[in-house]
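Overview (structure and organization)
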Amino acid sequence: MSPVDPRVEILPSILSADFSQLGQEVAAVGAAGVTALHVDVMDGRFVPNISIGLPVLRSLRKASDLMLDTHLMIVEPERYALDFVRAGADGVTIHVEATAHPHRVLQQLRDAGVRAGVALNPGTPIGAIEELLPYLDLVLIMTVNPGFGGQTFIGSMLSKVERLRARIEADDLPITLQVDGGIGPGTATAVVAAGARELVAGSAVYAAGRPVAEALSQLRAAAEAGLPRALPAG
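Our focus in this paragraph is the pattern of salt bridges. Evaluated as defined, the whole model comprises 8 salt bridges. The partner of E76 in a salt bridge is R79, and the shortest N-O contact between them spans 3.3 Å. Using a relative accessible area of 35% as the deciding quantity, one classes E76 as partly exposed. For R79, a relative accessible area of 52% corresponds to the exposed category. Among the salt bridges present, the one from R86 reaches D83, with a minimum N-O distance of 2.7 Å. One end of the pair is R86 and the other is D83, both in helix α3 (residues 81–87) and 3 residues apart, which spans about a single turn. Note on D83: relative accessible area 27%, which makes it partly exposed. Three or more residues joined by partner-sharing salt bridges are found here, namely D69, R115 and E198.

If you want it as structure tokens, here you go:
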């Protein structure tokens, strides 16, 4: 969590890390105060890219005690979700668009004792997860079309974040609201102000042209600027 305000957290995405130095890249963000890593798994079918899989997650688990927040951008996640739990994932997020049985997968993840999440692509309405909300620990709103790092933030998604935050608060749901896509110092403030409390950042951390500790500090400052301010007493 951020040392300034525990209500907002930055999760570095290793998709943008230097895989030839992955152990060092993970250690660097851990030393900078990060408590969780975001691990993007892509199959070349659900998204037009292929990334990493179970062997890399197992290696990360051996190398780090950080929380491994695993985002499955794959078709039929029900076939592999528990394999990722066994490999060391502390949380697994599936795409509602990628399975005919999201409820079943979420039940399996909760039974396995890990954080169960659902992701929504930019074109998928919040209503697609209406019946799943009681079974969710996390909702991830994609603010780019998934598949590649370094994309431009889709500004119209801020309204989607706001609407989901309003629903979470109105129904007092114990759901973490996470946002991924185009997150950097220029977008973090607005995303947090809209209601997100976990921000996934890849290139803004690992390809920022400066030490990751400095990049994370700038991101945290921008994110915390979007948090609601306490009303003055009296």
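Soluble globular proteins: nonpolar side chains tend toward being buried together. Formed by 66 residues in total, the largest nonpolar core has its most connected members in I129, L136 and L199. The element contributing the most residues to this core is helix α8 (residues 212–224), with 5 residues. Setting aside its immediate chain neighbours within four residues, L199 contacts E9, I10, L11, V179, I183, A188, V191, V192 and A223.

As a further point, take unusual backbone geometry. Positioned with a positive phi, E76 is a non-glycine residue whose angle comes to about 50 degrees. Within the secondary structure, E76 sits in the loop between β3 (67–73) and α3.

Here we take up the layout of surface pockets. In this structure, the largest pocket spans a volume of roughly 310 Å³. For the largest pocket, the lining is made up of 26 residues, of which G149, G150, D180, G181 and G182 are closest to its centre. Secondary-structure elements contributing two or more residues to the lining of the largest pocket are β2 (36–42), β8 (198–201) and α7 (203–206). Partitioning the lining of the largest pocket into residue classes produces 11 nonpolar, 13 polar and 2 charged.

What follows concerns α8. For α8, which comprises 13 residues, the first-to-last C-alpha distance of 18 Å matches the rise-based estimate of 18 Å (1.5 Å per residue) to within 8%. Along α8, the residues classified as buried are V212, A215, L216, L219, R220, A222, A223 and E224.

In this fold, Q178 is placed in strand β7 (residues 176–180). With a relative accessible area of 0%, Q178 lands in the buried category. Setting aside chain neighbours within four positions, we find Q178 in contact with L11, H38, D69, R115, L138, V139, L140, I141, E198 and V200.

Looking at where T35 falls in the secondary structure, it is placed in the loop between α1 (22–31) and β2. Exposure remark for T35: the relative accessible area of 38% places this residue in the partly exposed category. Between the C-alpha atoms of T35 and L68, which are 33 residues apart in sequence, the distance is 9.1 Å. A polar contact is formed between the side chain of T35 and the side chain of E9, at a distance of 2.4 Å.

Here we come to the pairing of β2. Across a regular strand the side chains alternate sides, sitting on one face of the sheet and then on the other. The element β2 is largely enclosed, with a buried count of 7 among its 7 residues. The alternating pattern of β2 places A36, H38, D40 and M42 and L37, V39 and V41 on opposite faces, both of which are buried. In this sheet, β3 lies alongside β2 in parallel orientation, the contact comprising 7 bridges. Paired with A36 across the bridge in β3 is M67. Handedness of the β-α-β unit built from β2, helix α2 (residues 54–63) and β3 comes out right-handed.

About the criteria used
- Residues numbered from 1 in each chain as written.
- Predicted model: local features only at pLDDT ≥ 70, side-chain atom pairs only at ≥ 80, totals over all residues.
- Heavy atoms only, no water.
- Salt bridge = Lys/Arg side-chain N within 4 Å of Asp/Glu carboxyl O.
- Buried < 20%, exposed > 50% of the residue type's maximum accessible area, 1.4 Å probe, protein only.
- Helix = DSSP H or I, 4+ residues; strand = E, 2+ residues; numbered from the N terminus.
- Core = buried A, V, L, I, M, F, W, Y, C linked by side-chain atoms within 4.5 Å.
- Contact = heavy atoms within 4.5 Å.
- 1 Å grid on protein atoms, 1.4 Å probe; cavity = no way out; pocket = protein on both sides within 12 Å on 5 of 7 lines; lining within 4 Å.
- Points joined across faces, edges and corners; volume = space filled by probe spheres on them.
- Nonpolar A, V, L, I, M, F, W, Y, C, P; charged D, E, K, R; others polar.
- Expected span 1.5 Å × (residues − 1).
- Polar contact = N/O pair within 3.5 Å; in protein donor to acceptor, adjacent residues only side chain to side chain.
- Pairing = 2+ DSSP bridges.
- Right-handed = clockwise from strand over helix to strand, strands pointing away.

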